[in-house]
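Observations on the model geometry
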Amino acid sequence: MSRGGGKGLSLKDKLDGNELDLSLCDLNEVPVRELAALPKATILDLSCNNLISLPSDFCSLMHLVKLDLSKNRLQQLPLDFGRLVNLQHLDLLNNRLVTLPVSFAQLKNLKWLDLKDNPLDPVLAKVAGDCLDEKQCKQAAVKVLQHMKAIQSEQDRQRQRKLQAEREMEKKREAEQRAKEAQEREVRKREKAEEKERRRREYDAQKAAKQEMEKKTKKETVQTRKPASSSRPAQPPRHRHSWSRSVLRILLFVLFCVLCALAACKLTELRRQPLCVSVNTLYEDVVAALQNHKTLQNMLQQNSQQ
């Protein structure tokens, strides 16, 4: 096994029962793939090497029960270190750890823990205490687990509060968006109503103008017809005058016919005809009556003169 990767020598040669001792091998990285092929190696010793960090796939070694990482140069543990749920004994003595990952709280089977000689956060250092004997190391495991569970709970609460705040913010944004949309709908509705009212006023104005124009036209028509109607009373006399002329013409024509007949009955051989005899007799009676009438008029004139 080389110092760089540990691939030159088979790990099976290092396996003793369920213990695999890789300490003092000058390792700067962990041969995770080879370790995963040895699920029987539940006890792993990686102490006294040059490990600065553990790869993320190291946490897939869930068969580990006891892990010794003391006297390395580890600055941090993988974030999902808590996947090693079967881990009961953990030695992190003399590394460069300041904090532990929150997932550390998931190591529910951890019974022994040593964090001495690490530049731990003061709060974590006080919780871990000293691991000078078996009892103190067991107490360190219990107290650190409780502390990390409290941190995890607080972070969960913070996440919940953050999530709740995000939900409330999202609800607020949705409410604001709904309010904005409702306001826009109200504006569009009001604009539509105003547009409808404007068109209605225009329609009423056009209708009123049309009615006014029709009324004015009708009035002008009535005024135009009035002179004709005022001249109508003078028309009946014209009609009567024309009728009188027609009657006069008829009478003259009749008189002319009578005179012609009378002349024919007086001056021609027709006077011996019965019709002409009657006409002549009638003519003589009319003349006599006229003469008597003339005589009567003279007598009246004379009496009036006296």
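This write-up is about the structure you can find in this document. It should be emphasised that the depicted structure is a prediction, and the values quoted were computed from it without experimental measurement.

A few words now on the packing of aromatic side chains. Scanning the entire structure with this criterion turns up one aromatic pair. Note on Phe81 and Phe104: the rings are 6.1 Å apart at their centroids and 5° apart in plane angle, and the pair reads as stacked. One end of the pair, Phe81, is in the loop between β4 (66-68) and β5 (89-91); the other, Phe104, is in the loop between β5 and β6 (112-114), and 23 residues separate them in sequence. Of the two residues, Phe81 and Phe104, both sit in the buried class.

The phi angle at Cys48 is positive, at roughly 60°, despite the residue not being glycine. Assignment of secondary structure puts Cys48 in the loop between β3 (43-45) and β4. A positive phi angle is found at Asn94, which is not glycine, with a value near 55°.

The sheet built from six strands is open, its strands ordered β1-β2-β3-β4-β5-β6 with mixed pairing. Each edge of the sheet is formed by a strand with only one pairing partner; in this case those strands are β1 (15-16) and β6. With three bridges joining them, β5 and β6 adopt parallel strand pairing. Opposite Asp91, over in β6, you have Asp114 as the bridge partner.

Here the focus is the state of the cysteines. For the structure shown, the criterion picks out one disulfide. Across a sulfur-sulfur distance of 1.4 Å, Cys131 and Cys137 are joined as a disulfide pair. Around the S-S axis, the bridge from Cys131 to Cys137 shows a dihedral of about 100° and counts as right-handed. Neither residue differs from the other here; Cys131 and Cys137 are each classed as buried.

Conventions we followed
- Residues numbered from 1 in each chain as written.
- Predicted model: local features only at pLDDT ≥ 70, side-chain atom pairs only at ≥ 80, totals over all residues.
- Heavy atoms only, no water.
- Phe/Tyr/Trp six-rings, centres within 6.5 Å; stacked < 30°, edge-to-face > 60°.
- Helix = DSSP H or I, 4+ residues; strand = E, 2+ residues; numbered from the N terminus.
- Buried < 20%, exposed > 50% of the residue type's maximum accessible area, 1.4 Å probe, protein only.
- Pairing = 2+ DSSP bridges.
- Disulfide = S-S within 2.5 Å.

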